[in-house]
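An overview of the molecular structure
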Amino acid sequence: NFPRANGGPRPRDYFDCSHGLSVYPQNGKVIVFYSMHPSSELDPYSLHGGCDVINGTKFSANFWLWNEPYYFASPPRVRAFEDFKKRTYLQ
């Protein structure tokens, strides 16, 4: 569900799937959408969530794409992760 589709307001209840655009499953189909503008700014209208399954089983998978090089082990990212580990149980 995309509650902010077509310029909708920020939802009050993130579990309410009665507003916005809902996409229903079709066997063998996939949903692809962009969460960022070409300028790399986040698109607030791409907010999305999964609705409850009424009948059957839900399967999902993510495949992340970036519109510019993404370095998982860049020095700032490594430092940020090391700092995070110091503050959590991962130490």
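Structural data are supplied above this passage.
As a starting point, this report considers the structure included with it. Remember, it's a predicted structure, so these values are computed and weren't measured experimentally.

Conventions we followed
- Residues numbered from 1 in each chain as written.
- Predicted model: local features only at pLDDT ≥ 70, side-chain atom pairs only at ≥ 80, totals over all residues.
- Heavy atoms only, no water.
- Disulfide = S-S within 2.5 Å.
- Helix = DSSP H or I, 4+ residues; strand = E, 2+ residues; numbered from the N terminus.
- Buried < 20%, exposed > 50% of the residue type's maximum accessible area, 1.4 Å probe, protein only.
- Lys, Arg positive; Asp, Glu negative; His and termini not counted.
- Salt bridge = Lys/Arg side-chain N within 4 Å of Asp/Glu carboxyl O.
- Polar contact = N/O pair within 3.5 Å; in protein donor to acceptor, adjacent residues only side chain to side chain.
- Phe/Tyr/Trp six-rings, centres within 6.5 Å; stacked < 30°, edge-to-face > 60°.
- Patch = residues over 30% accessible without salt bridge, like charges linked within 9 Å, V, L, I, M, F, W, Y side chains within 5 Å.
- Areas by Shrake-Rupley, 256 points an atom, 1.4 Å probe, with all protein chains shown as cover.

1. Remarks on the state of the cysteines
Every disulfide links exactly two cysteines, by a covalent bond between their sulfur atoms. Under the counting rule described, the total for this entry stands at one disulfide. Sulfur-sulfur distance for the disulfide between cysteine 17 and cysteine 51 comes to 2.0 Å. Here cysteine 17 and cysteine 51 share a disulfide; its torsion about the S-S bond, -110°, makes the bridge left-handed. Taken together, the residues span a long stretch of sequence, with cysteine 17 in the segment before helix H1 (75–87) and cysteine 51 in the segment before H1 at a distance of 34 residues.

2. Things to note about the side chain of arginine 4
Assignment of secondary structure puts arginine 4 in the segment before H1. At 7.4 Å, aspartate 43 is the nearest oppositely charged side chain to arginine 4, a buried residue that forms no salt bridge. Separated by 3.0 Å, the side chain of arginine 4 and the backbone oxygen of glycine 8 make a polar contact.

3. With respect to the environment of aspartate 83
When you line up the elements, aspartate 83 lands in helix H1. The exposure class of aspartate 83 is partly exposed, given its relative accessible area of 39%. Between the alpha carbons of aspartate 83 and arginine 4 there is a distance of 35 Å; along the sequence they are 79 residues apart.

4. Description of the packing of aromatic side chains
This structure, assessed with the given rule, holds two aromatic pairs. On the numbers, 6.2 Å between centres and 25° between planes, the contact of phenylalanine 81 with phenylalanine 84 is stacked. With phenylalanine 81 and phenylalanine 84 both in helix H1, this residue pair falls three residues apart, about one helical turn. The class for phenylalanine 81 is partly exposed, based on a relative accessible area of 43%. Judged by its relative accessible area of 36%, phenylalanine 84 falls in the partly exposed class.

5. Description of a nonpolar patch on the surface
Judged by side-chain polarity, Leu21, Val23, Ile31 and Phe33 come together as a nonpolar surface patch covering roughly 340 Å² of accessible area. You can see leucine 21 is positioned in the segment before H1.

6. Section: the side chain of serine 46
Mapping serine 46 onto the fold places it in the segment before H1. There is a polar contact of 2.7 Å between the side chain of serine 46 and the backbone oxygen of aspartate 43.

7. Describing the pattern of salt bridges
Across all of its chains, the model carries one salt bridge by this definition. Across the pair lysine 85 and glutamate 82 runs a salt bridge, and its minimum N-O distance is 3.3 Å. With lysine 85 and glutamate 82 both in helix H1 and three residues apart, this pair spans about one turn of that helix. By relative accessible area, lysine 85 is classed as partly exposed at 22%. Given the relative accessible area of 33%, glutamate 82 is considered partly exposed.

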